[in-house]
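Coordinate analysis (summary)
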Amino acid sequence: MLNKKSAVALLLAGAMVFTMVGCGNKDNKATTAAPASEGASGEAATGETTTGAASNAGEKKGATVLKYAFNQTLENPEAQAVLALSDKLYDETDGRYSIEVYPSEQLGSQAESLELIQAGTVEMGMVSNSIIEAVCPDFAITGAPYVYESDAHQKKLFESDALDEFFAMTKDQGFEIIGVYSLGARNVYSTFPVKTPADLSGKKIRVMQSDTMIKMMEALGGIGTPMAQGEVYTAIQAGTLDGAENNIITYTDLAQYEVASEYSLTNHLMIPDMMVISNTVLDSMGDDADVLRRLAKESVTDAFERCESLRDGYFEKATKELGVTVTEVDIKPFQEACMELISEIADRNDNTKAAYSAITGAAK
Ligand code: GCU
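It should be emphasised that the depicted structure is a prediction, and the values quoted were computed from it without experimental measurement.

Each value, and the rule that gives it
- Residues numbered from 1 in each chain as written.
- Predicted model: local features only at pLDDT ≥ 70, side-chain atom pairs only at ≥ 80, totals over all residues.
- Heavy atoms only, no water.
- Disulfide = S-S within 2.5 Å.
- Helix = DSSP H or I, 4+ residues; strand = E, 2+ residues; numbered from the N terminus.
- Buried < 20%, exposed > 50% of the residue type's maximum accessible area, 1.4 Å probe, protein only.
- Core = buried A, V, L, I, M, F, W, Y, C linked by side-chain atoms within 4.5 Å.
- Right-handed = clockwise from strand over helix to strand, strands pointing away.

**Re the state of the cysteines**
- What the rule picks out here adds up to one disulfide.
- Covalently, cysteine 23 is tied to cysteine 136 through a disulfide, its sulfur atoms 1.7 Å apart. The sign of the 70° torsion about the S-S bond sets the cysteine 23-cysteine 136 disulfide as right-handed. Of this pair, cysteine 23 sits in the loop between helix H1 (4-9) and strand S1 (64-69) while cysteine 136 sits in the loop between helix H4 (129-132) and helix H5 (151-159), placing them 113 residues apart in sequence. The pair formed by cysteine 23 and cysteine 136 is uniform in burial state, with each residue classed as buried.

This is how it looks when you write it as structure tokens:
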């Protein structure tokens, strides 16, 4: 996807090393919204859950069950990879730990759940790169448009340790990133097809809540409207939004085709989804913390393989059964429109330069 030559050209000399040890202000917040009310309020991070949830755990229940905030369905391959990880964690800690996934924003939107994780009220969760950007601004580069070439590129990068030092910056914000998944390329969807940036002119398109996402949508031709995932369906239905953008798995699982059946292959973004865990929880786990870190990293391969095996089926179901029209798009004009933004982000400081270099270095 990336126009590598022109993008790399902006990476001038300069040390390709990470220089920052943290994200700056220790009290950075992903959101100013009130914490989630359901399920999360007031529970201490003992790991033991008290609310009766559906079958959202692995097969094995540990002595301590770590709550995992997730904003989509349990059928989602990311949730399935976490549940498989849970059973391995149970086995390798002799039953001391397992994980329970709370789907559909039960523990709040991603921004809200990140705050709860920072506070240690919720143990773990899946939080997109764009939300982490609010507490660690340098993450703009790992969530920039058109910087990943393919699923294979991302898989190789996130299986490697090339960005480990970069990701470790979040530790001074109260949480650690122990695994990075992705649901694949995101595309614009609406009630009309989008073939050129001009088709998005004056259109309000929902984006995830970050500065980069707003700027990205502006570059793509539209008006970026930041919003939590849980509100998107009704906002499109009500006409507050003209559309949104997402990968085919999320688009289908969350039935967004019911309100926006034109899915246009702009392929503008592949957002990393971070498996995050509260420092407080990791600190309380003793040697088991390293077991979890290792298993989480290993689960990256599993998550990517699950997505890969499902993706074609999602496209087929969308077009054949769900009334979705998929439009092929010449992505060049969209890509070119984003080059300045990519350069500006990559060139911000030594950390963003080094991260960008790690990203491009993993491309095939
Ligand atoms: C994708 C991504 C999520 C993100 C969601 C969104 O599904 O994997 O992490 O929250 O998009 O657009 O909000």
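**Here's the deal with the nonpolar core**
- Core analysis: the largest hydrophobic core is formed by 93 residues, its most contacted members being Ile132, Leu163 and Met275.
- With eight residues, the top contributor of residues to this core is helix H11 (residues 288-320).
- In terms of nonpolar packing, the next biggest core, distinct from the first, is built from 21 residues, Val259, Tyr263, Cys307 and Ala318 among them.

**Focus: the pairing of strand S2 (residues 97-102)**
- S2 sits mainly inside the fold: six of its six residues count as buried.
- Across the two faces of S2 the burial is the same, with Tyr97, Ile99 and Val101 and Ser98, Glu100 and Tyr102 all buried.
- Between the parallel elements S1 and S2, the chain passes through helix H2 (residues 77-92) in a crossover that is right-handed.

The quantities given are spatial measurements derived from coordinates; they are silent on function.
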